[in-house]
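# Observations on the model geometry
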Amino acid sequence: MEELRLAARAYYNNSSSDLQNLAINFFRSMDANRDGWVSFQEFTRFLRHNGYNWVNPNMFSQLDTNNDGGLGFWEVLTFYYIIKTRAVWCRACGAQLHGLHFTCVACFDGGQNTFDLCARCYGGRQFRHHHRVFLDNYILLRSKRGISPGTNVNLNQWFRALELAVGVGNLLNVGSTLVGCSIM
Ligand SMILES: [Zn+2]
Ligand SMILES: [Zn+2]
């Protein structure tokens, strides 16, 4: 949640005054009695009346990072950021995906609905899907430049190296694949 809070604050501080006003209005629409705090009752009423039934009300306690029983502006801003940008679920277990997760590259590039998985379901192969190549959301972003993190090899090479590492279980082999030299 801390990372999401920092991201929300960063976007807010770098956005136009129009967008900042939208965020302030969002807070006011939740704070029904205008006391500057959003209580659990105000939170759940807001979810019910605004079509956010998919949000688990337990998110309130996660958002309330200082455990004072109410949400202040920055905590509500974090919620705003999550519902506007992180409405992604694991297709296998249904968990909401706030942080690191895996995405089918073909579905992502095809412009259709994305097929996303939590690391646990992807790692445990707890899913069925007709495409094979998945990348985590961080690597996917880097792959848009065709460059893998920290190396000069292209993504296909790097992915092959990862597959080798998983298949062979020998990190030395990965190193030799990346730099194209033999272990001998
Ligand atoms: Zn899952
Ligand atoms: Zn797919």
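For the structure itself, consult the block above.
Now for a look at the structure at hand.

Calculation notes
- Residues numbered from 1 in each chain as written.
- Chains lettered and ligands numbered in written order.
- Predicted model: local features only at pLDDT ≥ 70, side-chain atom pairs only at ≥ 80, totals over all residues.
- Heavy atoms only, no water.
- Axes fitted to C-alpha atoms, helices over the stretch in contact; angles between N-to-C directions.
- Helix = DSSP H or I, 4+ residues; strand = E, 2+ residues; numbered from the N terminus.
- Parallel < 35°, antiparallel > 145°, perpendicular 65-115°, else oblique.
- Contact = heavy atoms within 4.5 Å.
- Nonpolar A, V, L, I, M, F, W, Y, C, P; charged D, E, K, R; others polar.
- Donors = N, O, S within 2.8 Å, 3.2 Å for Na, K, Ca; no water.
- Tetrahedral: all angles 85-135°; square planar, octahedral: opposite > 155°, others 65-115°.
- Buried < 20%, exposed > 50% of the residue type's maximum accessible area, 1.4 Å probe, protein only.
- Phe/Tyr/Trp six-rings, centres within 6.5 Å; stacked < 30°, edge-to-face > 60°.

Quick look at the packing of helix H2 (residues 17-30) against helix H3 (residues 40-49) now. For any two helices packed against each other, one specifies the inter-axial angle together with the distance between the axes. Taken N-terminus to C-terminus, the directions of H2 and H3 make an angle of 110°; their axes are 9 Å apart at the nearest point. It follows from the interaxial angle that H2 and H3 lie roughly perpendicular. When H2 is examined against H3, the residues Phe-26, Ser-29 and Met-30 are found in contact with a partner set consisting of Glu-42, Phe-43 and Phe-46. Broken down by class, the residue content of the contact of H2 with H3 amounts to 4 nonpolar, 1 polar and 1 charged.

Here we take up the coordination of the zinc ion (ligand 1). In ideal tetrahedral geometry, four donors around a metal make angles of 109.5 degrees, whereas ideal octahedral geometry with six donors gives angles of 90 or 180 degrees. Those protein atoms acting as donors to the zinc ion (ligand 1) are Cys-90 (SG), Cys-93 (SG), Cys-118 (SG) and Cys-121 (SG), and they sit at 2.3 to 2.4 Å. One can describe the donor arrangement at the zinc ion (ligand 1) as tetrahedral, given that its 4 donor atoms subtend angles of 100 to 116° at the metal.

Time to look at unusual backbone geometry. We note that Asn-67 has phi near 50°; this positive angle belongs to a residue other than glycine. Mapped onto the elements, Asn-67 comes out in the loop between helix H4 (59-63) and helix H5 (73-85). Here the phi dihedral of Arg-125 falls at roughly 55°; this positive angle occurs in a residue that is not glycine. The residue Arg-125 is located in the loop between helix H7 (119-123) and strand E3 (134-136) in this model. Residue class for Arg-125 comes out exposed when judged on its relative accessible area of 70%.

What follows is about the coordination of the zinc ion (ligand 2). Those donors, Cys-104 (SG), Cys-107 (SG), His-129 (NE2) and His-131 (ND1), are the protein atoms that reach the zinc ion (ligand 2), and they lie 2.0 to 2.2 Å from it. The coordination sphere of the zinc ion (ligand 2) comprises 4 donor atoms, whose angles at the metal cover 102 to 116°; the geometry is tetrahedral. Taken in sequence order, the residues that donate to the zinc ion (ligand 2) follow the motif C-x2-C-x21-H-x1-H. Judged by its relative accessible area of 3%, Cys-107 falls in the buried class.

What follows covers the packing of aromatic side chains. Taken as a whole and assessed by the stated rule, the structure comprises 17 aromatic pairs. Taken together, a centroid distance of 6.0 Å and an interplanar angle of 70° make the contact between Phe-115 and Phe-134 edge-to-face. In this pair, Phe-115 sits in the loop between helix H6 (105-109) and strand E2 (116-117) while Phe-134 sits in strand E3, placing the two residues 19 residues apart along the sequence. The two residues Phe-115 and Phe-134 agree in class, both being buried. Counting every residue linked through ring pairs, the aromatic cluster contains Phe-26, Phe-40, Phe-43, Phe-46, Tyr-52, Phe-60, Phe-79 and Tyr-80.

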